[in-house]
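Descriptive analysis of the structure
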Amino acid sequence: MGRIIAIANQKGGVGKTTTSVNLAAALAAEGKKVLLVDADPQANATSGAGITRNVVRKTLYDALISGDSVRDMVLPTEIPTMWVLPADKNLAGAEVELVGQTNRNFALKEILVNVKEYFHYILIDCPPSLGILTINGLTAADSLLVPIQCEYYALEGVTELFDTLARLRRELNPELTIEGLLLTMYDERTNLSAAVAKDLRDFYGSQVLKTVIPRNVRLAEAPSFGKPILLYDPRSRGAEAYVELAKEIIKNG
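In this report, the structure presented in the accompanying data block is examined. Just so you know, these numbers come straight off a predicted model, no measurement behind them.

This brings us to the pairing of strand β5 (residues 121-125). With five of five residues buried, β5 lies mostly within the body of the structure. Sheet analysis places strand β1 (residues 3-7) next to β5, joined by five bridges and oriented parallel. Directly across from isoleucine 5, in β5, lies its bridge partner leucine 123. Where strand β2 (residues 34-38) and β5 come together, five bridges link them in parallel fashion. By the bridge assignment, aspartate 38 is partnered in β5 with aspartate 125.

The subject of this paragraph is the sheet that holds β2. If you trace the eight strands from one edge of the open sheet to the other, you get β3-β4-β2-β5-β1-β6-β7-β8, paired in mixed fashion. The open sheet has two edge strands with one neighbour each: β3 (75-76) and β8 (208-214). Two strands pair when backbone bridges link them, and strand β6 (residues 143-149) and strand β7 (residues 177-186) are joined in this way by seven bridges, in the parallel orientation. Its bridge partner lying in β7, leucine 144 is registered against isoleucine 178. Here helix α8 (residues 191-204) sits on the sheet and contacts β6, β7 and β8; the angle it forms with β7, its principal contact strand, is near 170 degrees. Sheet strands in contact with helix α11 (residues 237-252) are β1, β5, β7 and β8, and its direction is about 165 degrees off that of β8.

Moving on: the layout of surface pockets. Quantified by volume, the largest pocket comes out at close to 540 Å³. Residue lining of the largest pocket: 31 residues in total, with Gly15, Thr17, Thr18, Met185 and Pro223 positioned closest to the centre. Ranked by residue count, the leading element in the lining of the largest pocket is helix α1 (residues 16-29), at six residues. Its residues assigned to classes, the lining of the largest pocket shows 14 nonpolar, 13 polar and four charged. Reported here for the second largest pocket is a volume of approximately 280 Å³. Lining the second largest pocket are 13 residues, and of these Arg53, Asn54, Val55, Asp88 and Lys89 sit closest to its centre. Here the lining of the second largest pocket is composed, by residue class, of five nonpolar, four polar and four charged.

Right, let's talk about helix α7 (residues 154-171) for a bit. Between the first and last C-alpha of α7 there are 26 Å, a value that for 18 residues agrees with the 26 Å anticipated at 1.5 Å per step. Those residues of α7 that sit buried are Ala154, Gly157, Val158, Leu161, Phe162, Thr164, Leu165 and Leu168. Seen from one end, α7 has its buried residues packed into an arc of 170 degrees, which puts them on one side. Facing away from the buried surface of α7 by more than 90 degrees, the exposed residues are Arg170 and Glu171. For α7, the secondary structure elements touched by its buried residues are α6 (132-140), β6, β7 and α8.

Moving on to a nonpolar patch on the surface. On the surface, Tyr152, Tyr153 and Leu192 cluster together to form a nonpolar patch covering roughly 380 Å² of accessible area. With respect to the helices, strands and loops of the structure, tyrosine 153 is situated in the loop between β6 and α7.

So, on to unusual backbone geometry. With a phi angle near 60 degrees, alanine 43 is a residue other than glycine that sits in the positive phi range. For alanine 43, the location among the structural elements is in the loop between β2 and α2 (44-48). Positive phi is not limited to glycine here, since methionine 185 has a value of about 55 degrees. Looking at the secondary structure, you find methionine 185 in strand β7. The exposure class of methionine 185 is partly exposed, given its relative accessible area of 23%.

Calculation criteria
Residues numbered from 1 in each chain as written. Predicted model: local features only at pLDDT ≥ 70, side-chain atom pairs only at ≥ 80, totals over all residues. Heavy atoms only, no water. Buried < 20%, exposed > 50% of the residue type's maximum accessible area, 1.4 Å probe, protein only. Helix = DSSP H or I, 4+ residues; strand = E, 2+ residues; numbered from the N terminus. Pairing = 2+ DSSP bridges. Contact = heavy atoms within 4.5 Å. Axes fitted to C-alpha atoms, helices over the stretch in contact; angles between N-to-C directions. 1 Å grid on protein atoms, 1.4 Å probe; cavity = no way out; pocket = protein on both sides within 12 Å on 5 of 7 lines; lining within 4 Å. Points joined across faces, edges and corners; volume = space filled by probe spheres on them. Nonpolar A, V, L, I, M, F, W, Y, C, P; charged D, E, K, R; others polar. Expected span 1.5 Å × (residues − 1). Arc of directions from axis to C-beta. Patch = residues over 30% accessible without salt bridge, like charges linked within 9 Å, V, L, I, M, F, W, Y side chains within 5 Å. Areas by Shrake-Rupley, 256 points an atom, 1.4 Å probe, with all protein chains shown as cover. Salt bridge = Lys/Arg side-chain N within 4 Å of Asp/Glu carboxyl O.

Take a look at the structure:
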């Protein structure tokens, strides 16, 4: 049975999609069968994994709204054991259309049940907000991975997210655990990155993952080539960091 990990943070620009794509690729490189679910209408995880946008095809929107089978929508990538359930801009409409449905918070969970057994890991790239798509991601997930940029307001954002998480556990998904807090865009040349990392580790202890994702030019370039960093520049520090992260996630079980 696959493990479902939602990757979410209500703040934008924290490396959420970068983490979704590159962790999926790194887990696949470790021999795991991985499905990357793009639950963000911006569809950056879709293109970042090498799936061409603006091609007419069925996407997560069709599965959520029409109940079409996910099995027919899953697309292969350049990495043999990694697949993508793509998104497109229509997914923004799902936010509105799901509101009237009785199962609106469980729609994603219900469609993933049919494919869960085929994968070791299913990663959900959630939008940078706490709207209905993110709530669907967190309701479907076994655990939550929170990318946090090493910047001044990081702690504040995590506190808000944990408040939401407590409510969501009470009402929708009591089994949801914390996969970990992931420090991203870490710049070892600045005192700020070190200070934020220390504050988070002091405050959240072992919930902060050991792996740290550095600020890395090659990592930033990779999405424009439609490749995970492991294909774009496997020797870069960014690639090495995501390989370490995959190993840590597997070890944590």
